[in-house]
Amino acid sequence: SQQGEEDPQALSIQEGENATMNCSYKTSINNLQWYRQNSGRGLVHLILIRSNEREKHSGRLRVTLDTSKKSSSLLITASRAADTASYFCAGGSSNTGKLIFGQGTTLQVKP
Amino acid sequence: DAGVTQSPTHLIKTRGQQVTLRCSPKSGHDTVSWYQQALGQGPQFIFQYYEEEERQRGNFPDRFSGHQFPNYSSELNVNALLLGDSALYLCASSTFQGVRDGYTFGSGTRLTVV
């Protein structure tokens, strides 16, 4: 079963704008990971935030994690057309070694 | 440094047939996980192999089986194919504690069952 829900399911913005995607999860996790997928190809790991962290940055990416609300958000600043893709959050458990993915947010960045 | 390599990239099979998908992990990785991604959905965990043994398994029937070889490469076998098995099959490699650091995914095998 899926970990939870991602919101919105689809997002369309202009180049240069910021994009925010939200993720809620159901079970206990050790970390929350975000992946990007272009046109149904393989997933690319973007960023990992551990359960004892609240915020993490990597380049134009900013991730927050609220374990009390079981939610996370991914912010992409100054978006580019090349950011057009599907974005997935995935809860990771060090006990099970598996990722449980959300259903994803499809981002379109218009040039 | 090669990433995760999957073969074949596309495959068409008939209901009832059997299929084998292959995965070579990223250099330095010893753990391989398999995921099934239906169209428009997030990937779902099938199973994970480490030290040539299945360590974890998701909610998939016994028709789905796997193997890991001494060189860490892996195969996913699906028997008695159903139309519903049509999906993108993704292989992910990591070190055994990779869940702490993130996984490297291959480009996937697109399986179509007709």
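It should be emphasised that the depicted structure is a prediction, and the values quoted were computed from it without experimental measurement.

## Structural notes on the state of the cysteines
Residue and element names in this part refer to chain A.
Part 1 of the reasoning: Evaluated as defined, the whole model comprises two disulfides over all chains.
Part 2 of the reasoning: Bridging Cys23 to Cys89, the disulfide has an S-S length of 2.0 Å. The disulfide joining Cys23 to Cys89 has a torsion of about 70 degrees about its S-S bond and is therefore right-handed. Within this pair, whereas Cys23 is found in strand E3 (residues 19–25), its partner Cys89 is found in strand E9 (residues 85–92), the two being separated by 66 residues in sequence.

## Topic: the environment of B:His29
All names here are of chain B.
Part 1 of the reasoning: With respect to the helices and strands, His29 occurs in the loop between strand E3 (19–24) and strand E4 (31–37).
Part 2 of the reasoning: Given a relative accessible area of 14%, His29 falls into the buried group.
Part 3 of the reasoning: Taking the C-alpha atoms as reference points, His29 and Gln41, 12 residues apart in sequence, are found 27 Å from one another.
Part 4 of the reasoning: Apart from residues lying up to four places away in sequence, His29 is in contact with Tyr72, Ser93, Ser94, Thr95 and Thr104.

## A closer look at the pattern of salt bridges
Residues and elements named next belong to chain B.
Part 1 of the reasoning: The final tally for this structure, using the stated rule, is six salt bridges over all chains.
Part 2 of the reasoning: Among the salt bridges present, the one from Arg22 reaches Glu75, with a minimum N-O distance of 3.4 Å. Pair noted here: Arg22 is in strand E3 and Glu75 is in strand E8 (residues 74–78), with a separation of 53 residues, a long-range link.
Part 3 of the reasoning: Note that Arg57 is salt-bridged to Glu54, the shortest N-O span being 3.1 Å.

## Quick notes on the packing of aromatic side chains
Part 1 of the reasoning: Tallied over the full model, the rule gives nine aromatic pairs over all chains.
Part 2 of the reasoning: Taking 5.3 Å as the distance between ring centres and 80 degrees as the angle between the ring planes, the aromatic pair formed by A:Tyr35 and B:Phe105 counts as edge-to-face. With one member in each of two chains, A:Tyr35 in strand E4 (residues 31–37) and B:Phe105 in strand E10 (residues 104–105) form a pair that bridges those chains.
Part 3 of the reasoning: For B:Phe105, a relative accessible area of 8% puts it in the buried group.
Part 4 of the reasoning: Ring centres of B:Phe47 and B:Tyr49 lie 5.3 Å apart, and the angle between their planes is 85 degrees; this geometry places the pair in the edge-to-face category.
Part 5 of the reasoning: Among the aromatic residues, those joined into a ring-pair cluster are A:Tyr35, A:Phe88, A:Phe101, B:Tyr35, B:Phe45 and B:Phe105.

## Quick word on the side chain of B:Ser94
Residue and element names in this part refer to chain B.
Part 1 of the reasoning: Looking at the element boundaries, Ser94 is found in strand E9 (residues 87–94).
Part 2 of the reasoning: Using a relative accessible area of 2% as the deciding quantity, one classes Ser94 as buried.
Part 3 of the reasoning: Non-local contacts of Ser94, meaning those with residues more than four positions away in its chain, are made with His29, Asp30, Thr31, Gly102 and Tyr103.

What counts, and where the lines are drawn
- Residues numbered from 1 in each chain as written.
- Chains lettered and ligands numbered in written order.
- Predicted model: local features only at pLDDT ≥ 70, side-chain atom pairs only at ≥ 80, totals over all residues.
- Heavy atoms only, no water.
- Disulfide = S-S within 2.5 Å.
- Helix = DSSP H or I, 4+ residues; strand = E, 2+ residues; numbered from the N terminus.
- Buried < 20%, exposed > 50% of the residue type's maximum accessible area, 1.4 Å probe, protein only.
- Contact = heavy atoms within 4.5 Å.
- Salt bridge = Lys/Arg side-chain N within 4 Å of Asp/Glu carboxyl O.
- Phe/Tyr/Trp six-rings, centres within 6.5 Å; stacked < 30°, edge-to-face > 60°.

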